[in-house]
Amino acid sequence: MSNTRTSTSSRLSVSRSPVSLTAMVVGVAFILVGIMGFIPGITTDYGSMAGAGHESMAMLLGIFQVSVLHNVLHLGLGVLGVLMARRPAAARTYLLVGGAAYLVLWVYGLVTSDTSTANFVPLNSADDWLHLVLGLGMILLGLVMPRRTTHATAQGIHNPTAGGDMQ
(Lines give C-alpha, C1' and ligand atoms only; values in the text may rest on other atoms or scores of the structure.)
Protein backbone atom coordinates (compact mmCIF):
# COMPACT_ATOMS: atom_id res chain seq x y z
CA MET A 1 0.00 0.00 0.00
CA SER A 2 1.51 3.32 -1.01
CA ASN A 3 1.01 6.54 0.85
CA THR A 4 -0.21 9.08 -1.74
CA ARG A 5 -0.71 12.74 -0.94
CA THR A 6 -2.25 15.32 -3.23
CA SER A 7 0.04 18.21 -3.97
CA THR A 8 -1.30 21.54 -2.79
CA SER A 9 0.60 23.31 -5.55
CA SER A 10 -2.15 22.59 -8.08
CA ARG A 11 -4.58 24.54 -5.88
CA LEU A 12 -2.36 27.59 -5.38
CA SER A 13 -2.96 30.74 -7.34
CA VAL A 14 -0.20 32.96 -8.63
CA SER A 15 -0.08 36.02 -6.40
CA ARG A 16 1.87 38.31 -8.73
CA SER A 17 1.52 38.91 -12.43
CA PRO A 18 4.73 38.98 -14.48
CA VAL A 19 4.65 42.78 -14.75
CA SER A 20 4.10 43.07 -10.98
CA LEU A 21 6.97 40.72 -10.25
CA THR A 22 9.18 42.70 -12.63
CA ALA A 23 8.31 46.01 -10.94
CA MET A 24 9.01 44.39 -7.56
CA VAL A 25 12.46 43.19 -8.69
CA VAL A 26 13.31 46.60 -10.18
CA GLY A 27 12.12 48.34 -7.01
CA VAL A 28 14.18 46.07 -4.75
CA ALA A 29 17.22 46.64 -6.99
CA PHE A 30 16.84 50.41 -6.59
CA ILE A 31 16.53 50.02 -2.82
CA LEU A 32 19.73 47.98 -2.74
CA VAL A 33 21.56 50.56 -4.87
CA GLY A 34 20.34 53.34 -2.57
CA ILE A 35 21.60 51.46 0.49
CA MET A 36 24.94 50.61 -1.14
CA GLY A 37 25.47 54.33 -1.81
CA PHE A 38 25.68 54.84 1.95
CA ILE A 39 28.20 52.04 2.61
CA PRO A 40 31.87 53.08 2.78
CA GLY A 41 34.01 50.77 0.67
CA ILE A 42 31.21 50.05 -1.78
CA THR A 43 31.12 53.82 -2.22
CA THR A 44 34.64 55.17 -2.69
CA ASP A 45 35.63 58.60 -1.33
CA TYR A 46 32.69 58.24 1.05
CA GLY A 47 33.96 61.09 3.24
CA SER A 48 33.57 63.55 0.36
CA MET A 49 29.88 62.77 -0.16
CA ALA A 50 27.85 65.96 -0.37
CA GLY A 51 24.16 66.35 0.31
CA ALA A 52 23.58 67.29 -3.33
CA GLY A 53 25.38 68.89 -6.24
CA HIS A 54 28.38 68.17 -8.39
CA GLU A 55 30.83 68.78 -5.52
CA SER A 56 30.27 65.25 -4.21
CA MET A 57 33.23 63.07 -5.14
CA ALA A 58 31.76 59.87 -3.67
CA MET A 59 31.54 57.12 -6.27
CA LEU A 60 29.30 54.06 -6.03
CA LEU A 61 31.44 51.06 -7.02
CA GLY A 62 34.14 53.61 -7.87
CA ILE A 63 32.23 54.49 -11.07
CA PHE A 64 28.93 56.30 -10.48
CA GLN A 65 28.97 59.72 -8.81
CA VAL A 66 26.53 59.82 -5.88
CA SER A 67 25.36 62.18 -3.17
CA VAL A 68 22.95 61.86 -0.28
CA LEU A 69 20.19 63.18 -2.55
CA HIS A 70 21.09 60.70 -5.30
CA ASN A 71 20.96 57.78 -2.84
CA VAL A 72 17.68 58.97 -1.33
CA LEU A 73 16.18 59.24 -4.83
CA HIS A 74 17.18 55.62 -5.51
CA LEU A 75 15.61 54.53 -2.21
CA GLY A 76 12.41 56.45 -2.95
CA LEU A 77 12.15 55.05 -6.47
CA GLY A 78 12.69 51.57 -5.07
CA VAL A 79 10.01 51.91 -2.40
CA LEU A 80 7.63 53.31 -5.02
CA GLY A 81 8.31 50.26 -7.22
CA VAL A 82 7.64 47.83 -4.39
CA LEU A 83 4.39 49.60 -3.52
CA MET A 84 3.21 49.89 -7.13
CA ALA A 85 4.02 46.23 -7.79
CA ARG A 86 0.87 45.30 -5.85
CA ARG A 87 -1.35 45.91 -8.88
CA PRO A 88 -0.47 45.06 -12.49
CA ALA A 89 -1.69 48.37 -13.93
CA ALA A 90 0.28 50.35 -11.36
CA ALA A 91 3.34 48.14 -11.92
CA ARG A 92 3.22 48.81 -15.65
CA THR A 93 2.85 52.54 -15.00
CA TYR A 94 5.87 52.44 -12.66
CA LEU A 95 8.03 50.81 -15.32
CA LEU A 96 6.87 53.08 -18.16
CA VAL A 97 6.92 56.40 -16.28
CA GLY A 98 10.10 55.49 -14.40
CA GLY A 99 11.76 54.54 -17.69
CA ALA A 100 10.65 57.78 -19.30
CA ALA A 101 11.99 59.75 -16.32
CA TYR A 102 15.34 58.00 -16.70
CA LEU A 103 15.44 58.92 -20.39
CA VAL A 104 14.77 62.56 -19.46
CA LEU A 105 17.53 62.33 -16.84
CA TRP A 106 19.85 60.87 -19.51
CA VAL A 107 19.23 63.84 -21.84
CA TYR A 108 19.59 66.24 -18.89
CA GLY A 109 22.94 64.66 -18.05
CA LEU A 110 24.13 64.98 -21.64
CA VAL A 111 23.33 68.69 -21.87
CA THR A 112 24.49 69.61 -18.35
CA SER A 113 28.19 69.96 -17.63
CA ASP A 114 29.53 67.67 -14.89
CA THR A 115 30.76 70.78 -13.03
CA SER A 116 27.67 72.95 -13.57
CA THR A 117 25.58 74.12 -10.62
CA ALA A 118 22.60 72.73 -12.59
CA ASN A 119 24.11 69.27 -11.98
CA PHE A 120 22.29 68.95 -8.65
CA VAL A 121 21.91 65.14 -8.45
CA PRO A 122 25.08 64.74 -9.30
CA LEU A 123 25.65 63.01 -12.63
CA ASN A 124 28.80 61.92 -14.43
CA SER A 125 29.21 60.25 -17.84
CA ALA A 126 28.85 56.74 -16.37
CA ASP A 127 25.56 57.80 -14.73
CA ASP A 128 24.35 59.27 -18.00
CA TRP A 129 24.82 56.06 -19.97
CA LEU A 130 23.42 53.94 -17.15
CA HIS A 131 20.33 56.14 -17.19
CA LEU A 132 19.90 55.47 -20.91
CA VAL A 133 20.08 51.70 -20.33
CA LEU A 134 17.73 51.87 -17.33
CA GLY A 135 15.24 54.06 -19.18
CA LEU A 136 15.09 51.85 -22.25
CA GLY A 137 15.07 48.68 -20.13
CA MET A 138 12.24 49.80 -17.87
CA ILE A 139 10.11 50.94 -20.81
CA LEU A 140 10.76 47.69 -22.67
CA LEU A 141 9.84 45.63 -19.61
CA GLY A 142 6.72 47.72 -19.07
CA LEU A 143 5.63 47.07 -22.65
CA VAL A 144 6.42 43.36 -22.98
CA MET A 145 5.64 41.91 -19.56
CA PRO A 146 2.13 40.45 -19.40
CA ARG A 147 -0.31 41.94 -16.91
CA ARG A 148 -1.88 38.60 -16.18
CA THR A 149 -0.57 35.13 -15.56
CA THR A 150 -2.12 32.66 -17.96
CA HIS A 151 -3.37 29.27 -16.82
CA ALA A 152 -0.49 27.60 -18.66
CA THR A 153 2.04 29.84 -16.91
CA ALA A 154 0.48 29.15 -13.51
CA GLN A 155 0.54 25.40 -14.19
CA GLY A 156 4.22 25.57 -15.11
CA ILE A 157 5.03 27.49 -11.94
CA HIS A 158 2.95 25.46 -9.50
CA ASN A 159 2.81 22.06 -11.08
CA PRO A 160 6.04 21.37 -12.96
CA THR A 161 5.45 17.61 -13.01
CA ALA A 162 2.53 15.93 -14.70
CA GLY A 163 -0.30 14.73 -12.51
CA GLY A 164 0.33 16.88 -9.46
CA ASP A 165 0.58 13.92 -7.09
CA MET A 166 3.53 13.33 -4.82
CA GLN A 167 4.47 9.83 -3.74
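What counts, and where the lines are drawn
Residues numbered from 1 in each chain as written. Predicted model: local features only at pLDDT ≥ 70, side-chain atom pairs only at ≥ 80, totals over all residues. Heavy atoms only, no water. Helix = DSSP H or I, 4+ residues; strand = E, 2+ residues; numbered from the N terminus. Buried < 20%, exposed > 50% of the residue type's maximum accessible area, 1.4 Å probe, protein only. Contact = heavy atoms within 4.5 Å. Areas by Shrake-Rupley, 256 points an atom, 1.4 Å probe, with all protein chains shown as cover. Axes fitted to C-alpha atoms, helices over the stretch in contact; angles between N-to-C directions. Parallel < 35°, antiparallel > 145°, perpendicular 65-115°, else oblique. Left-handed = near helix turned anticlockwise from the far one by under 90°. Core = buried A, V, L, I, M, F, W, Y, C linked by side-chain atoms within 4.5 Å. Patch = residues over 30% accessible without salt bridge, like charges linked within 9 Å, V, L, I, M, F, W, Y side chains within 5 Å. Salt bridge = Lys/Arg side-chain N within 4 Å of Asp/Glu carboxyl O. Pairing = 2+ DSSP bridges. Expected span 1.5 Å × (residues − 1). Arc of directions from axis to C-beta. Phe/Tyr/Trp six-rings, centres within 6.5 Å; stacked < 30°, edge-to-face > 60°.

**Notes on the overall build of the chain**
Turning to step 1, where the next piece is worked out: If you tally the helices and strands in the chain, you get 5 helices and 5 strands.
Turning to step 2, where the next piece is worked out: If you list the helices and strands of the chain from N to C, you get β-α-β-β-β-α-α-α-α-β.
Turning to step 3, where the next piece is worked out: Looking at the 167 residues of the chain, the share that counts as buried comes to 36%.
Turning to step 4, where the next piece is worked out: Here the analysis covers contacts within the chain between residues at least 6 apart in sequence; of these, 64% occur between residues at least 24 apart.
Turning to step 5, where the next piece is worked out: Of the roughly 9,400 Å² of accessible surface on the chain, 69% is carried by carbon and sulfur atoms.

**A short note on the packing of helix α3 (residues 88-111) against helix α4 (residues 125-144)**
Turning to step 1, where the next piece is worked out: Running from amino to carboxyl end, α3 crosses α4 at an angle of 155°, the nearest separation of the two axes being 7 Å. When the axis of α3 is compared with that of α4, the two are roughly antiparallel. Relative to α4, α3 is oriented so that their crossing is left-handed.

**A few points about the nonpolar core**
Turning to step 1, where the next piece is worked out: Within the largest apolar cluster, 12 residues are counted, these being V19, A23, M24, V26, F30, L77, A85, A91, Y94, L95, Y102 and M138.
Turning to step 2, where the next piece is worked out: At the level of elements, α1 (18-36) and α3 are the ones that each hand at least two residues to this core.
Turning to step 3, where the next piece is worked out: Not counting the four nearest positions on each side in its chain, A85 is found in contact with R16, S20, A23, M24 and A91.
Turning to step 4, where the next piece is worked out: Grouped together as the second largest cluster of nonpolar side chains are 5 residues, M49, A58, L60 and F64 included.

**A look at a nonpolar patch on the surface**
Turning to step 1, where the next piece is worked out: Residues V28, L32, I35 and I39 make up a contiguous nonpolar surface patch of about 300 Å² in total accessible area.
Turning to step 2, where the next piece is worked out: With respect to the secondary-structure elements, L32 resides in helix α1.
Turning to step 3, where the next piece is worked out: Note on L32: relative accessible area 48%, which makes it partly exposed.

**Section: the sheet that holds strand β2 (residues 43-44)**
Turning to step 1, where the next piece is worked out: Ordered by their spatial adjacency, 3 strands build an open sheet running β2-β3-β4, and the pairing between neighbours is antiparallel. Looking at which strands have only one partner, the edges of the open sheet turn out to be β2 and β4 (64-65).
Turning to step 2, where the next piece is worked out: Where strand β3 (residues 59-60) lies against β4, 2 bridges are found, and the strand directions are antiparallel. In the strand pairing of β4, L60 is matched with F64.

**What to know about helix α2 (residues 68-84)**
Turning to step 1, where the next piece is worked out: Between its first and last C-alpha, α2 extends 24 Å over 17 residues, near the 24 Å set by a 1.5 Å rise per residue.
Turning to step 2, where the next piece is worked out: Three or more residues of α2 are buried, namely H70, N71, H74, L77, G78 and G81. Axial view of α2: buried residues confined to an arc of 125°, hence all on one face.
Turning to step 3, where the next piece is worked out: Contacts made by the buried residues of α2 are with α1, β4, α3 and α4.

**Side note on the packing of aromatic side chains**
Turning to step 1, where the next piece is worked out: Taken as a whole, this structure holds 2 aromatic pairs when the rule is applied.
Turning to step 2, where the next piece is worked out: Between the aromatic rings of F30 and Y102, the centroid separation amounts to 5.6 Å while the plane-to-plane angle is 5°, which identifies the pairing as stacked. Residue F30 is found in helix α1, and its partner Y102 is found in helix α3; the two are separated by 72 residues along the sequence. Each member of the pair, F30 together with Y102, is buried.

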